[in-house]
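Commentary on secondary and tertiary structure
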Amino acid sequence: MTAATRPLEGMRVLTLEQFGAGPYGSMYLADMGAEVIKVENPATGGDAGRSVGPHFLGPNDSVYFQSWGSNKKSVALDLKTPEGQAGFRRLAAGAEAVINNLRGDQPEKLGLDYASLQDVNPAIVCLSISAYGRDNERKSWPGYDFLMQAEAGLMSMTGEPDGPPARFGLSMIDFMTGMTGIVGLLGAVIRARATGQGCDVDTCLFDVALHQLSYPATWYLNGGAAPSRTHRSGHLSIAPVQTFRTGDGWIYVMCMTERAWRILADRIDRPELKDDPRFADQAARRENRAALERELDAAFGTRTTNDWLERLTGHVPVAPVYDVAQAFANPFVETAGMVRSVPHPARPDFRMLANPLKFDGERPQQTVCSPLGGDTEALLGEDDA
């Protein structure tokens, strides 16, 4: 471990977090060297993620929870008691930031916003990650990732055109909201370090979900073109960009440029497709997607996925379509160093995904999260628990 891999060393962050959005975002702070202290209510079992199965590591600990718990500490405090509030405010006096991902009406009630903490620390930054925000009629509503995908229109774009609306395979809105919040928090901390003035930072699952509509949203807002689901996970406007069936599986091909399309036609031994008027340019290929798919299916079906990867890799953007087991059997995962051993008291052989960031070519080191309340005495003494 080097100083480069711990750029946030010396920064203290308090978190009241559960499930995905808050824990995922604060994990990056902890992995970059910040002292991230989970403030957990012992009366409720702490972070709800500790109880999410089916794979457990002991009481109040699960594989799900540890997925985003690396390098974090835990203090047991009940903020609904005077003793808990006193302990929390003592910690906040020496912290640069507080993060919560509770319902939007909770930060004010529990004293987690800037108005509540500026008297003990005028420079503190208070990040709130809620479902719908803290300044509207939905602030007291609970909410989760999949609900946001539904209401923001994302499910209308996911899955096959003739199938039902579908969600993403994982809680990507949680993860994106966590990262969005961390960007805002770090920006506010930089300002607070320079000026001594903290603030509130807010983001919410709904806003981030809507923001993920990105360029299709801009299309719609400036002309009414509503995007819909595409066949075989195809691009909304560029072809061929989709899955194709090979002799023994599936492959994803991305001809994002005219040059890539022409190279593809040559390397699948169908050079005549370049001069076919149905596929002569991007507009023509978009208009004739079904015919193009039939031609390419016929070609890709003649060889195995590995054969096509050997032919196309380095010439056309291409990837095999793997399941999870195949993905981790991929030798490149080991080459990239994206899996590492992070021993747990209950599982010395415990493995986790490495942090995707590198600093001077080195990934941050990781340890498992402390047990519920495991750092209370060291940080506060027993009186405030």
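Further up the page is the structure itself.
Here is a short report on the structure shown in this document. Note that the structure is predicted; figures quoted are calculated from it, not measured.

Along the backbone of the protein there are 16 helices and 13 strands. Based on the C-alpha atoms only, the size of the protein along its principal axes is roughly 80 × 50 × 40 Å. Among the 385 residues that make up the protein, the fraction classed as buried is 45%. Across the protein, contacts joining residues at least 24 apart in sequence account for 66% of those joining residues at least 6 apart. In the protein, 37 positive and 48 negative side-chain charges are present, and the distance between their average locations comes to 4 Å.

Right, let's get into the packing of aromatic side chains. Tallied over the full model, the rule gives 11 aromatic pairs. A centroid spacing of 4.7 Å and a plane angle of 35 degrees characterise the contact between Y24 and F175, whose relative ring orientation is tilted. Taken together, the positions of Y24 in helix 1 (residues 21–31) and F175 in helix 7 (residues 172–195) put the pair 151 residues apart, joining distant regions of the chain. With respect to class, Y24 is no different from F175; both count as buried. With a centroid separation of 4.9 Å and an interplanar angle of 80 degrees, the aromatic rings of Y64 and W68 are classed as edge-to-face. For Y64, a relative accessible area of 28% gives the class partly exposed. By relative accessible area, which is 13% here, W68 ends up buried. Taken together, the ring pairs connect Y24, Y28, Y64, W68 and F175 into an aromatic cluster. Directly above the ring of F206 sits R138, whose terminal nitrogen or CZ lies 5.9 Å from the centroid. Over the aromatic face of W308 sits the side chain of R303, whose NZ or CZ is 5.7 Å from the ring centroid.

Of all five residues making up strand 1 (residues 12–16), five are buried, and the element is well covered by its neighbours. Neither face of strand 1 is open: one carries R12, L14 and L16, the other V13 and T15, and all of them are buried. As defined by bridge partners, strand 1 adjoins strand 2 (residues 35–40) across four bridges and the pair is classed as parallel. From the neighbouring strand, L14 faces strand 2, where its bridge partner is I37. Inspection of the sheet shows strand 1 paired to strand 6 (residues 97–100) by four bridges, in the parallel sense. From the neighbouring strand, L16 faces strand 6, where its bridge partner is N100.

Glancing now at the nonpolar core. The nonpolar side chains of a soluble globular protein tend to be buried, and buried together. Ranked by size, the top nonpolar core spans 36 residues in total, and within it M11, L29 and L185 carry the most contacts. Mapped onto this core, the elements with two or more residues apiece are helix 1, strand 6, strand 7 (125–130), helix 7, strand 8 (199–204) and helix 8 (205–211). With seven residues, helix 7 is the single largest residue contributor to this core. With near-sequence residues (within four places) excluded, L185 lies in contact with M11, L29, A97, I99, V125, L127 and V201. Among the nonpolar cores identified, the runner-up in size contains 21 residues, and F244, V253, A265 and I268 belong to it.

Glancing now at unusual backbone geometry. For the peptide bond that leads from G53 to P54, omega is 10 degrees, which places it in the cis range. You can see P54 is positioned in the loop between strand 2 and strand 3 (56–58). Residue A239 is joined to P240 through a cis peptide bond whose omega torsion reads -5 degrees. The residue P240 is located in the loop between helix 9 (214–221) and strand 9 (241–245) in this model. The backbone phi angle of F19 is positive, close to 55 degrees, even though this residue is not glycine. Tracing the backbone through its elements, the reader meets F19 in the loop between strand 1 and helix 1. Relative accessible area serves as the criterion here: at 28%, F19 is assigned to the partly exposed category.

Turning our eyes to something else, we now look at the pattern of salt bridges. Scanning the model with the defined rule gives 24 salt bridges in all. D202 is paired through a salt bridge with R134; the nearest N and O atoms lie 2.6 Å apart. Highlighted residues: D202 in strand 8 and R134 in the loop between strand 7 and helix 6 (145–151), separated in sequence by 68 residues. In this structure R134 comes out as partly exposed when scored by relative accessible area, which is 22%.

This paragraph deals with the side chain of S26. Here S26 is to be found in helix 1. The residues contacting S26, other than those within four sequence positions of it, are T15, E17, V36, K72, I99 and I182.

A few words now on helix 12 (residues 289–300). A rise of 1.5 Å per residue sets the reference length of helix 12, with its 12 residues, at 16 Å; its end C-alpha atoms lie 16 Å apart and thus fit the reference within 8%. Turning to helix 12, its buried residues number three or more, namely A291, L292, E293, L296, A299 and F300. Check the buried side of helix 12 and you find it contacts strand 9, strand 10 (250–254), helix 10 (258–267), helix 11 (282–287) and helix 13 (305–312).

On the surface, V324, F328 and L353 cluster together into a nonpolar patch covering about 320 Å² of accessible area. Its location among the elements puts F328 in helix 14 (residues 324–329).

Below, the discussion takes up the packing of helix 1 against helix 7. The packing of two helices is summarised by the inter-axis angle and the distance between the axes. Contact pair helix 1 / helix 7: the axes reach a minimum separation of 7 Å and the direction vectors enclose 50 degrees. Judged by the angle between their axes, helix 1 and helix 7 are oblique. The crossing of helix 1 and helix 7 is right-handed. Residues A21, Y24, G25, S26, Y28 and L29 of helix 1 form the contact with helix 7, whose own contacting residues are D174, F175, G178, M179, I182, L185 and L186. Taken together, the residues that form the contact of helix 1 with helix 7 break down as nine nonpolar, three polar and one charged.

Definitions and cut-offs
- Residues take numbers from 1 onward in each chain, read along the sequence in its written order.
- Selection of residues for local features in this predicted model requires a pLDDT of at least 70, selection of side-chain atom pairs for listing and counting requires 80 or more, and totals for whole chains, interfaces and linings are taken over all residues.
- Side-chain metrics in this entry use all non-hydrogen atoms of the structure; hydrogen atoms and water are not considered.
- In this text, helices come from DSSP runs of H or I with a minimum length of four residues, and strands from runs of E with a minimum of two, each type numbered from the N-terminal end.
- Only protein chains enter the calculation, and the probe is 1.4 Å; a residue is then buried if its accessible area is under 20% of its type maximum, exposed if over 50%, and partly exposed in between.
- In what follows, a contact means two residues having at least one pair of non-hydrogen atoms within 4.5 Å.
- His is not counted, nor are the chain ends, whereas Lys and Arg count as positive and Asp and Glu as negative.
- Lys charges are placed at NZ, Arg charges at CZ, Asp charges at CG and Glu charges at CD.
- Put simply, two rings from Phe, Tyr or Trp (the six-membered ring, in Trp's case) pair if the centres are within 6.5 Å, and we call them stacked under 30 degrees between planes, edge-to-face over 60, tilted for the rest.
- We call a charge positioned above a ring when the Lys NZ or Arg CZ atom is no farther than 6 Å from the ring centre and deviates by at most 35 degrees from the ring normal.
- Note: two strands are recorded as paired if DSSP finds a minimum of 2 bridges between them.
- What makes a nonpolar core is a set of buried Ala, Val, Leu, Ile, Met, Phe, Trp, Tyr and Cys residues whose side-chain atoms join them at distances within 4.5 Å.
- One side-chain nitrogen of Lys or Arg within 4 Å of one carboxyl oxygen of Asp or Glu is enough to make a salt bridge.
- To estimate the expected span of a helix, subtract one from its residue number and multiply by 1.5 Å.
- Note that patches include only residues with greater than 30% relative accessible area and no salt bridge, and the join distances are 9 Å for like charges and 5 Å for nonpolar side chains (Val, Leu, Ile, Met, Phe, Trp, Tyr).
- Where accessible areas are quoted, they stem from the Shrake-Rupley method and a 1.4 Å probe; at the residue level, only the protein chains shown are allowed to cover.
- Fitting a line to C-alpha atoms yields each axis, with helices limited to the stretch in contact; the angle taken between N-to-C directions then spans 0 to 180 degrees.
- Should an angle fall under 35 degrees it is taken as roughly parallel, and over 145 as roughly antiparallel, whereas 65 to 115 is taken as roughly perpendicular and any remaining angle as oblique.
- Crossing handedness: left-handed means the near helix sits turned counterclockwise from the far one by under a right angle, and right-handed means the same turn made clockwise.
- For this classification, Asp, Glu, Lys and Arg are treated as charged, while Ala, Val, Leu, Ile, Met, Phe, Trp, Tyr, Cys and Pro are nonpolar and the rest, including Gly, are polar.

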